[in-house]
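# Structural features, examined
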Amino acid sequence: MSDAHNEHESAIRTPKQLVVAVIGFFVVVIFGIVLLVKFVTTDKLTGAGSGSQEPEAIAARIAPVADEGYTLKDASGPKVLQTGEAIYNVTCAACHGTGAAGAPKFGDAGSWSGRLAQGYDTVLKHAIEGLRAMPAKGGNPDLDDVEVARAVVYMANASGGKFKEPEVPAPAAAAAAASEPQK
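The structure reproduced in this document is the subject of the present report.

### Here's the deal with the overall build of the protein chain
Regarding its fold elements, the protein chain presents 7 helices and 0 strands. Helices (α) and strands (β) of the protein chain occur, in sequence order from the N terminus, as α-α-α-α-α-α-α. Per-residue burial for the protein chain yields a buried fraction of 17% across its 183 residues. On the protein chain, roughly 13,800 Å² of surface is accessible, and the fraction owed to carbon and sulfur atoms is 62%.

### As for a nonpolar patch on the surface
On the surface, Ile-12, Leu-18, Val-22, Phe-25, Phe-26, Val-29, Ile-30, Ile-33, Val-34 and Val-37 cluster together into a nonpolar patch covering about 900 Å² of accessible area. The topology assignment puts Val-22 in helix H1 (residues 15-42). Residue Val-22 is classed as partly exposed on the basis of its relative accessible area of 40%.

### Details of the packing of helix H3 (residues 84-96) against helix H6 (residues 145-158)
One can describe the packing of H3 onto H6 by two numbers: an axis separation of 9 Å at closest approach and a directional angle of 70°. One way to sum up the angle between H3 and H6 is to call them roughly perpendicular. Every residue of H6 that contacts H3 at Gly-84, Glu-85, Ile-87, Tyr-88, Cys-92 and His-96 is listed here: Glu-147, Arg-150, Ala-151, Tyr-154 and Met-155. Here the contact of H3 with H6 is composed, by residue class, of 6 nonpolar, 2 polar and 3 charged.

### With respect to the pattern of salt bridges
Counted under the stated rule, the structure contains 3 salt bridges. When the shortest N-O distance is used, the salt bridge between Lys-137 and Asp-145 registers 3.2 Å. The exposure class of Asp-145 is partly exposed, given its relative accessible area of 38%. One salt bridge connects Glu-165 with Arg-150, and the closest N-O pair in it is separated by 3.5 Å. Of this pair, Glu-165 sits in the loop between H6 and helix H7 (170-179) while Arg-150 sits in helix H6, and the two are 15 residues apart along the sequence. Arg-150 gets classed as buried once you look at its relative accessible area, which sits at 13%.

### Looking at the packing of aromatic side chains
Counting across every chain of the model gives 5 aromatic pairs. Their ring planes at 65° and their centres at 5.8 Å tell us that Phe-25 and Phe-26 sit as a pair that is edge-to-face. On the accessibility criterion, Phe-25 (53% relative accessible area) is exposed. Phe-26 sits in the partly exposed class, given a relative accessible area of 48%. By way of ring pairs, the aromatic residues Tyr-88, Phe-106 and Tyr-154 are connected into one cluster.

### Quick notes on the nonpolar core
Counting residues in hydrophobic clusters, the biggest one holds 17 residues, and the most contacted among them are Cys-92, Val-148 and Val-152. Those elements that provide at least two residues to this core are H3, helix H4 (109-117), helix H5 (120-129) and H6. Of all the elements, H6 adds the most residues to this core, at 7 residues. In contact with Val-152, not counting residues within four places along its chain, are Val-123, Leu-124 and Ala-127.

### So, the side chain of Ser-159
Position of Ser-159 relative to the elements: it lies in the loop between H6 and H7. Within polar-contact distance, the side chain of Ser-159 engages the backbone oxygen of Met-155 at 3.1 Å.

### Focus on the packing of H5 against H6
Look at H5 against H6: their axes get within 10 Å of each other, and the N-to-C directions meet at 120°. By the angle between their axes, H5 is oblique relative to H6. Once H5 is placed against H6, the crossing between them reads as right-handed. Judged by residue contacts, Tyr-120, Val-123, Leu-124, Ala-127 and Ile-128 of H5 engage Asp-145, Val-148, Ala-149, Val-152 and Val-153 from H6. Across the contact of H5 with H6, the residue classes break down as 9 nonpolar, no polar and 1 charged.

### Here's the deal with the side chain of His-96
Structurally, His-96 is set in helix H3. Polar contacts involving the side chain of His-96 include one to the main-chain carbonyl oxygen of Pro-104, which spans 2.8 Å.

Reading guide: rules and limits
- By convention here, each chain's residues receive numbers from 1 onward along its written sequence.
- It should be noted that, the model being predicted, local features are given only for residues of pLDDT at least 70 and side-chain atom pairs only at 80 or more, the latter also being counted only at that level, while totals for whole chains, interfaces and linings use all residues.
- Computation of side-chain values: all heavy atoms of the structure, hydrogens and water removed.
- Here a strand is any run of E in DSSP of at least two residues, a helix any run of H or I of at least four, and the numbering for each starts at the N terminus.
- Per-residue accessibility, obtained with a 1.4 Å probe over protein chains only, is compared with the maximum for each type, and a residue is labelled buried under 20%, exposed over 50%, and partly exposed between these values.
- Where accessible areas are quoted, they stem from the Shrake-Rupley method and a 1.4 Å probe; at the residue level, only the protein chains shown are allowed to cover.
- To count toward a patch, a residue needs a relative accessible area above 30% and no salt bridge. Like charges then connect within 9 Å, nonpolar side chains (Val, Leu, Ile, Met, Phe, Trp, Tyr) within 5 Å.
- Salt bridge criterion: a side-chain nitrogen from Lys or Arg within 4 Å of a carboxyl oxygen from Asp or Glu.
- Interaxial angles span 0 to 180 degrees and are taken between N-to-C directions of axes, which are lines fitted to C-alpha atoms, for helices over the stretch in contact.
- Roughly parallel refers to an angle under 35 degrees, roughly antiparallel to one over 145, roughly perpendicular to one between 65 and 115, and oblique to any angle outside these ranges.
- We call two residues in contact when some of their heavy atoms are within 4.5 Å.
- Ten residues, namely Ala, Val, Leu, Ile, Met, Phe, Trp, Tyr, Cys and Pro, are considered nonpolar, four, namely Asp, Glu, Lys and Arg, are considered charged, and the remaining ones, Gly among them, are considered polar.
- In this scheme Phe, Tyr and Trp rings, the latter by its six-membered ring, pair at centre separations within 6.5 Å, and the angle between planes marks the pair as stacked below 30 degrees, edge-to-face above 60, and tilted otherwise.
- Buried Ala, Val, Leu, Ile, Met, Phe, Trp, Tyr and Cys residues form a nonpolar core when they are joined through side-chain atoms within 4.5 Å.
- Any pair of N or O atoms that falls within 3.5 Å is considered a polar contact. Within protein, one atom must be able to donate a hydrogen and the other to accept it, and sequence-neighbouring residues count only if both atoms are side-chain atoms.
- By convention the crossing between two helices is left-handed if the near helix lies anticlockwise of the far one by an angle smaller than a right angle, and right-handed if it lies clockwise.

Encoded structure:
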């Protein structure tokens, strides 16, 4: 045979060396697994030493989401009418605060003067029914006509108008009085 065949000899030449190499391999693998398990289990486990299993903590985790920060309204109860300022802040300020889409800005007497000259009834009609880019009731169909009128008076009077606050209809006044707490 040639010398080229002898160049590819392995380090294991006898069966005894093969057994030692296999046993050594298993010892190294087992030692590595033991070290890995030791490393993983010596770290502090999540939740260990915390109060996560206390009855209060469990009750907080399983409490319905709807109980957090939501106030339920009785739809069949009397409607509580909001003030003109509250309606303006929630519904009207988006456009009338910035003058978006040609809306007259709050407190700008120049942009309101032409509208105020048309009179209270016309301005109120446009606010309730909508006009050009403004949707009916400012885009909030849940508003009562009295609430829209209050918002119109609030905005118009802040811009130089002299409109009188609208009267609350008798059934709504009785419902509002009934909903107030007794002193």
